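Examining the three-dimensional arrangement
Listed below, chain by chain, are the residues.
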Amino acid sequence: MKEISRSVVKKDHAPKMSGKSVYVGDYTAAKDGSPILVGKLLHSKLARAKIIKVNVPKLPDGYYYVDAKDVPGDNNVNIVLDDTPVYARETVEYIGEPIGMVVGPDEKEVIRILGEINVEYEELEPVLDIRTAEKAFFDYEFGHGDIEKAFSEADHIFEEEFETGYQDQTYLETQGMMAEPEKNGKMYVHGSMQCAYYVHGAVMRVLGCAPDGLHVLQDVTGGGFGGKEAFPSILGSQVAVAAHKANAAVRCVFDRREDLEYTSKRHPSLCKYKMAVKDGKVTAVDCDVIFNAGAYSTLSAVVLQRGIIAAPGIYNIPNVHVRGRAVKTNTSPCGAYRGFGAPQTFFAIEMMMNHVAQELGVDSVEFKEAHLVKKGDMTSTQGKYHFPVPVQDMINEIDKECDLKRKHKEYAKEQTGRYRRGIGMSAYFHGAGFTGSGERDLIKAVAKLHKYADGTVEVLASNGEIGQGLRTTFPKIVANELNLPLDKVYYNHPDTERVPDSGPTVASRSLMVVGELLRRAAIKLRDIWEDGKEQEVEERFKEPDFMIPFYLDKFQGDAYPTYAWAVNAIEVEVDTYTGLTKILGAYGNFDVGTPMDYNIVMGQMEGGFLQGIGYSSIEKMDYDNKGRIRNNSFSDYLIPTTKDVPNMKCMLHVEEYPQGPYGAKGAGELPLVGAPGAYVAAVEQALGGCKMHRLNHAPFTAEDTLKEITKEAK
Ligand code: MTE
Ligand code: MOS
């Protein structure tokens, strides 16, 4: 282990554990001491309707009703496209869409007023089925080779559909934002978020002010997992408009039901795969990927891009065709969640490979091994795997740990008892950093170090601590280069007034991309260091020279500079009387390059893997025929608790990335991505394999298992 990997106490450990950290809901007054008004949203009760009239009762003094008419600038939130309204236009497009906000000093009174507002709607038929949805916000297509020829020459052709459901981020702290008009005329927006500059860009436009007309601070944030990438831009815009109208500080914090029902989640997916096999080898794959985007486009473009780039998996398939669509339905807009579209398509390709292997009568682990990509091979987008691909070694390591290969063959034999076992394996990557040329063309990250006269150094960057450890790992990198004790280097929560735009806290990019900028900045500072003097250095992102330029219009080139790799194996025992599945062991082997802090990285791996296991097995969320999400509490939407943590073993396989700090690669999202492919495969094997029971959706719950078993009895 490198010295930098040695674990330290996280810088925010003590304040968080002692309850001293101030979250947005904890403020008792605005910065200037004035009281904070409570804001509560008026949510649409229908999935699709024209708004005829909103009847607001007479408001007591000091109370306000805020809606689209109060937006001083543009009533559109800047995300990727600008189709998400701040407050509803003439129509509502999903249940929960914010029509307006009631604001006032007393929460009970605000709730009373909200209850008395009567909205007259003209109800329209909602679009709820992605199979029949007509509007695609995004429709991409790419491929290489000659797919038609490969299918016409194939020995076998296999076709199958795979579906995945919602997954909610269920961060401990719900969404919450606050806006305060300052005496100097500026707006101050702060709250729970991942991307201060995204909020800044969005609110600026909504208020119609100049960049320095507002500033945005990330408060202590109780988890994001992607759910606070774009949503705070929307809620931040809403509170900013309210604060502007009331000329007072306004805060809106969601309760858990609002959060579960109305905020962005992982896109449900439908993937149709067609695979050609000749002489025992896969010669072509045709992937048709549909994501349920919900009512507005928000982040669907980037989620879909990552999803379809991963669609053919990590296998050498000479002929590839991929089509991906993010379709509009009248449901809550979906967004980012750890993995960004890749968990959906990796589930599809991993299950497809399992099934094709079984149909061919070969062991699926060996079948996958025979197709693994290696260094120098072409990626799905005709880029290149520039660095070693350690997956075969990682499979061997997992095999050593849990006897994967022997068990996989053993459990494939007929089982008859009440309890039956299965083991499933998935192998996959996470493309490190933003997709395509995003880092170079869109983000253009800048990071700074400020040294004070007393010799302390402050990191100036816009990335947020969301539990993944940046407040500790950024200073660790800088302290290491400057040979300073860790307490001399610190990283505060970013305020756009003080820090440059080093980009958003997404795509597992911060540590790898911005961490490297800070490492280089620290070297610069070391070279000019003068005791007793205040000094500042800056670093800017430069794209690595080896990159094959990526063209988004053609989906061609290097979608990512490098990849983090993983192999998962999950072993289960299914009780065929009850349908309950017990996980006997969950093994994850992860290559995220050099760990910047061993405990932090292991925390990331274990937490992410567990989220993936929840996604695979129990986290079920769906809407009814009116478009209403029915699982809006933790008694209806089950996530793994501490009692559900299985025997879990995470391992690190280190393949250093020369362009990441000390060889680090993007780490945060990888551990979630492959769990469904391993878990559902394990349950399927326990039930007798795909010829007996072909499982093709996730989550695969105890109810689903029972349904399969009852089929057998018939
Ligand atoms: N870990 C914790 N504890 N809390 C989080 O919200 N978000 C994940 C991951 N790990 C998250 C987390 C997501 S979605 C991303 S993109 C990465 O952390 C961000 O990692 P980075 O800081 O290296 O960009
Ligand atoms: Mo992470 S889903 O990229 O915020």
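Residues numbered from 1 in each chain as written. Chains lettered and ligands numbered in written order. Predicted model: local features only at pLDDT ≥ 70, side-chain atom pairs only at ≥ 80, totals over all residues. Heavy atoms only, no water.

1. Thoughts on the domain arrangement of the protein
In plain terms, the rule: Each domain's extent was defined by an automatic or database domain assignment. Note on contacts: a residue pair qualifies if any of its non-hydrogen atoms lie within 4.5 Å across the two residues. A quick way to say it: buried area is the sum, across both parts, of accessible area lost when two parts are put together, with a 1.4 Å probe. What counts as a salt bridge is simple: a side-chain nitrogen of Lys or Arg found within 4 Å of a carboxyl oxygen of Asp or Glu. In protein, a polar contact requires one atom able to donate a hydrogen and another able to accept it; more generally it is a pair of N or O atoms within 3.5 Å, and residues adjacent in sequence count only if both atoms are side-chain atoms.
As assigned here, the protein comprises domain 1 (17-125 + 173-253), domain 2 (269-435 + 555-713) and domain 3 (438-540). If you average the C-alpha positions of domain 1 and of domain 3, the two centres end up 31 Å apart. Taken together, the contacts link 18 residues of domain 1 with 15 residues of domain 3. The largest contributions to the domain 1 side of the interface with domain 3 come from Gln194, Tyr197 and Gln218, which together make up 45% of the buried area. In this assembly, domain 1 and domain 3 are joined by 1 salt bridge. Here glutamate 497 makes a salt bridge to lysine 186, at a shortest N to O gap of 3.3 Å. Joining domain 1 to domain 3, the criterion identifies 9 residue pairs in polar contact (both at pLDDT 80 or more).

2. Some points on the side chain of aspartate 495
Heads up, the condition is: Strands here mean DSSP runs of E at least two residues long; helices mean DSSP runs of H or I at least four residues long; both are numbered from the N terminus. A 1.4 Å probe rolled over the protein chains alone gives each residue an accessible area, and that area as a share of the maximum for its type sets the label: buried under 20%, exposed over 50%, partly exposed in between. The positive count covers Lys and Arg only, the negative count covers Asp and Glu only, and His and the chain ends enter neither.
Assignment of secondary structure puts aspartate 495 in the loop between β21 (489-490) and α14 (510-528). It is lysine 31 that comes nearest to the buried, bridge-free aspartate 495 among opposite-charge side chains, at 6.3 Å. Polar side-chain contacts of aspartate 495 include one of 3.0 Å to the side chain of histidine 215. If sequence neighbours within four positions are ignored, aspartate 495 has contacts with His215, Val216 and Leu217.

3. Some details on the environment of glycine 677
Mapping glycine 677 onto the fold places it in helix α17 (residues 675-686). You can call glycine 677 buried: its relative accessible area is 3%. Placed 250 residues apart in sequence, glycine 677 and alanine 427 show a C-alpha to C-alpha distance of 8.6 Å. When residues no more than four places from it in sequence are discounted, the contact partners of glycine 677 are Phe347, Glu350, Met351, Asn354, Met425 and Ser426.

4. Considering the site of ligand 1
For the record, the criterion: Residue proximity to a molecule or strand is established when one non-hydrogen atom of the residue lies within 4 Å of it. Per-residue and other accessible areas follow the Shrake-Rupley method at a 1.4 Å probe size, with only the shown protein chains counted as cover for residues. When residues are sorted by character, Ala, Val, Leu, Ile, Met, Phe, Trp, Tyr, Cys and Pro go into the nonpolar class, Asp, Glu, Lys and Arg into the charged class, and all the rest, Gly among them, into the polar class.
Taken together, 19 residues form the shell around ligand 1, and within it Gly224, Phe225, Ile466, Ser510 and Gln604 come nearest. In the environment of ligand 1, a nitrogen atom lies 3.4 Å from a nitrogen or oxygen atom belonging to the side chain of arginine 338. Within the side chain of glutamine 604, an N or O atom sits 2.7 Å from a nitrogen atom of ligand 1. For ligand 1, the protein covers 93% of the area, taking 530 Å² as the surface of the free molecule. Residue composition of the shell around ligand 1, grouped by class: 6 nonpolar, 10 polar and 3 charged.

5. Digging into the nonpolar core
Just so we agree on the cut-off: The criterion is simple. A nonpolar core is a set of buried Ala, Val, Leu, Ile, Met, Phe, Trp, Tyr and Cys residues joined through side-chain atoms within 4.5 Å.
Residues Met101, Val189, Tyr273, Ile314 and Trp565 are the most contacted members of the largest nonpolar core, which totals 139 residues. For this core, the two domains that each supply at least three residues are domain 1 (17-125 + 173-253) and domain 2 (269-435 + 555-713). The next biggest cluster of nonpolar side chains, apart from the first, holds 32 residues, and it includes Ile4, Ile443, Tyr491 and Val506.

6. Describing the pairing of strand β10 (residues 156-164)
Residues in a regular strand project their side chains so that they alternate between the two faces of the sheet. Note the threshold: Following DSSP output, two strands are said to pair if at least two bridges run between them.
Where β10 and strand β15 (residues 269-278) come together, 9 bridges link them in antiparallel fashion. When the sheet's bridge partners are listed, glutamate 160 is paired in β15 with tyrosine 273.

7. Details of the pattern of salt bridges
Side-chain pairs of opposite charge can arise where the charged atoms are in close proximity. Applying the stated rule across the entire model yields 51 salt bridges. Between glutamate 538 and arginine 540 there is a salt bridge, and its shortest N-O distance comes to 3.0 Å. A relative accessible area of 48% means that arginine 540 is categorised as partly exposed. By sharing partners, the salt bridges in this structure join Glu481, Glu516, Arg519, Arg520, Lys524, Arg526 and Glu539 into a single network.

8. Here we look at the side chain of glutamine 685
Here glutamine 685 is to be found in helix α17. Among the residues examined, glutamine 685 registers a relative accessible area of 9% and is labelled buried. In this structure the side chain of glutamine 685 is engaged in a polar contact, spanning 2.7 Å, whose partner is the backbone oxygen of histidine 408. Ignoring any residue separated from it by four or fewer positions in sequence, one finds glutamine 685 in contact with His408, Tyr411, Ala412, Gln415, Arg421, Gly422 and Ile423.

9. So, the packing of helix α13 (residues 470-482) against α14
Heads up, the rule is: Each axis is a line fitted through C-alpha atoms, taken for helices only over the stretch in contact, and angles between the N-to-C directions span 0 to 180 degrees. The labels follow the angle: roughly parallel below 35 degrees, roughly antiparallel above 145, roughly perpendicular from 65 to 115, and oblique for the rest. If you view the pair so one helix is near and one far, a crossing is left-handed when the near helix is turned anticlockwise from the far one by less than a right angle, and right-handed when it is turned clockwise.
At their nearest, the axes of α13 and α14 sit 8 Å apart, and the two run at 30° to each other. Compared by their axis directions, α13 and α14 come out roughly parallel. Crossing hand, α13 versus α14: right-handed. Residues Leu470, Thr473, Phe474, Ile477, Val478, Glu481 and Leu482 of α13 lie in contact with α14, whose contacting residues are Ser510, Leu511, Val514, Gly515, Leu518, Arg519, Ala522, Ile523, Leu525 and Arg526. Residues that form the contact of α13 with α14 fall into these classes: 11 nonpolar, 3 polar and 3 charged.

10. A few points about the sheet that holds strand β22 (residues 535-540)
With mixed pairing, 4 strands are arranged side by side in an open sheet as β21-β20-β19-β22. On the outer flanks of this sheet lie β21 and β22, each paired with one strand and no other. Pairing between strand β19 (residues 446-451) and β22: 6 bridges, direction antiparallel. Its bridge partner lying in β22, lysine 448 is registered against glutamate 538. With respect to the sheet, α14 is in contact with β19, β20 (457-460) and β22, its orientation differing from that of β22 by roughly 140°.

11. Examining the sheet that holds strand β25 (residues 648-652)
An order of β18-β23-β24-β25 is seen for the 4 strands of this open sheet, with the pairing classed as mixed. The sheet is open, and its two edges are formed by β18 (419-431) and β25, each paired on a single side. For this sheet, the mean inter-axis angle between neighbouring strands, taken without regard to orientation, is 10°. Direction of pairing for strand β24 (residues 581-591) relative to β25: parallel, over a ladder of 5 bridges. Opposite glycine 588, over in β25, you have cysteine 650 as the bridge partner. The sheet contacts of helix α15 (residues 598-617) involve β23 (563-575), β24 and β25, and relative to β25 the element is tilted by about 130°.

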